[in-house]
Amino acid sequence: MRLVKLIANLGYGSRKQVQQMFREGRITDADGEVLYADDKVEHEAIRVDGEPLDPPVGMILMLHKPAGYTCSTKDQGRLIYDLLPSRFRDRAPVLSTVGRLDRDTSGMLLLTDDGALLHRIISPKSKLSKVYEAELAQDLSGNEVALFASGTLLLESEKTPLLPADLTIHDPRHAQLVLHEGRYHQVRRMFAATGNHVATLHRSRIGGLSLDGLEEGHWRMLTATDLDTLFAA
């Protein structure tokens, strides 16, 4: 792939804009030597304005999503892509969220431009657990642990009962819920089925991977070791 197309596909600009970047000498190799559009050079050696070129297709990152941000590229208001470099929104293939967190939910969100990896993570065959910390509007009644673990809870408008889920109660209004599937607004709907309401919700873990000190609103690239950790659980 020609360098112009490669760099444009990574979201740095249109092909015309990238060609202008070459003319301005903004694209160099690791030693600072100016590159030309027809040069052949390893991806890892390319620099844009002195910074390493973003990873090629197959990139996956973790974002600590704050509440108040929407998992969309087009909705009004604050979007998760506002927390990332602007070029990430323009990558081709697109950088997509691996599942979603609703606007009012914070915590771990994965994004990737690797379709096969995305489907592997969300596939029921992967059996990746998702851990949520919930604050409730009312005290728990005491029967939620058994109900959620029963595998018989049927949410409104659905025909298939939920898989068993593990609820750990911290105090009357705080609990940890571990899911083994991912249905639409599942945590909120589960507590609603008991007559309660989720006041705040935070996803702390997916599979074996946790936020591990990543600050709210910040992100980091995941490594091959991270992916091993993700699926190890």
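Residues numbered from 1 in each chain as written. Predicted model: local features only at pLDDT ≥ 70, side-chain atom pairs only at ≥ 80, totals over all residues. Heavy atoms only, no water.

Each helix and strand counted, the protein has six helices and twelve strands in total. Overall, the protein is about 70 × 35 × 35 Å in size when its C-alpha atoms are taken along their principal axes. The proportion of buried residues among the 233 residues of the protein is 42%. For the protein, the proportion of contacts with a sequence separation of at least 24, taken over those separated by at least 6, is 60%. Of the roughly 12,500 Å² of accessible surface on the protein, a fraction of 49% belongs to carbon and sulfur atoms. One way to put it: in the protein the 28 positive side-chain charges average out to a point 7 Å from where the 32 negative ones average out. (Helix = DSSP H or I, 4+ residues; strand = E, 2+ residues; numbered from the N terminus. Buried < 20%, exposed > 50% of the residue type's maximum accessible area, 1.4 Å probe, protein only. Contact = heavy atoms within 4.5 Å. Areas by Shrake-Rupley, 256 points an atom, 1.4 Å probe, with all protein chains shown as cover. Lys, Arg positive; Asp, Glu negative; His and termini not counted. Charge placed at Lys NZ, Arg CZ, Asp CG, Glu CD.)

The next subject is the pairing of strand 7 (residues 130–136). Working note: regular strand, side chains alternate between the two faces of the sheet. Within strand 7, five of the seven residues are buried, leaving the element largely enclosed by the surrounding structure. Inspection of the sheet shows strand 7 paired to strand 9 (residues 174–179) by six bridges, in the antiparallel sense. Within the sheet, the bridge partner assigned to glutamate 135 lies in strand 9 and is histidine 174. As paired elements, strand 7 and strand 10 (residues 198–206) share seven bridges and run antiparallel to each other. Pairing of lysine 130 across the sheet is with isoleucine 206, part of strand 10. (Pairing = 2+ DSSP bridges.)

Once that is clear, we can look at the environment of alanine 134. The topology assignment puts alanine 134 in strand 7. What makes alanine 134 buried here is its relative accessible area of 5%. Considered as a pair, alanine 134 and isoleucine 169 are 35 residues apart in the sequence and their alpha carbons are 9.7 Å apart.

Moving on, we get to the sheet that holds strand 3 (residues 51–52). Spatial ordering of the open sheet is given by 1-2-3, a layout of three strands whose pairing is antiparallel. A strand with exactly one partner marks an edge of an open sheet, and here the two such strands are strand 1 (27–28) and strand 3. Sheet topology note: the strand 1/strand 2 (residues 47–48) ladder contains two bridges and is antiparallel. Across the sheet, the residue bridging to isoleucine 27 is valine 48, located in strand 2.

In terms of nonpolar packing, the biggest core is built from 32 residues, with Leu111, Leu177, Met190 and Phe191 touching the most fellow members. Counting only elements with at least two residues in this core, the list comes to strand 4 (60–65), strand 6 (105–112), strand 7, strand 9, helix 5 (186–193) and strand 10. Ignoring any residue separated from it by four or fewer positions in sequence, one finds methionine 190 in contact with Phe148, Leu153, Leu155, Leu162, Ala165, Leu177 and Leu179. (Core = buried A, V, L, I, M, F, W, Y, C linked by side-chain atoms within 4.5 Å.)

The residue arginine 47 is located in strand 2 in this model. Within the buried set, arginine 47 has no salt-bridge partner at all; the shortest N-O distance to an opposite charge, 7.4 Å, is to glutamate 51. Polar contacts involving the side chain of arginine 47 include one to the main-chain carbonyl oxygen of glutamate 44, which spans 2.9 Å. Residues in contact with arginine 47, not counting those within four places in the same chain, are Arg26, Ile27, Thr28, Asp29, Ala30 and Pro52. (Salt bridge = Lys/Arg side-chain N within 4 Å of Asp/Glu carboxyl O. Polar contact = N/O pair within 3.5 Å; in protein donor to acceptor, adjacent residues only side chain to side chain.)

Now for the environment of phenylalanine 88. Of note, phenylalanine 88 is situated in the loop between strand 4 and strand 5 (96–97). Classification of phenylalanine 88 as buried rests on a relative accessible area of 1%. Sequence separation of phenylalanine 88 and glycine 11 is 77 residues, and the distance between their C-alpha atoms is 6.0 Å. Aside from chain neighbours lying at most four places away, what touches phenylalanine 88 is Asp54, Met59, Leu61, Leu95, Trp219 and Met221.

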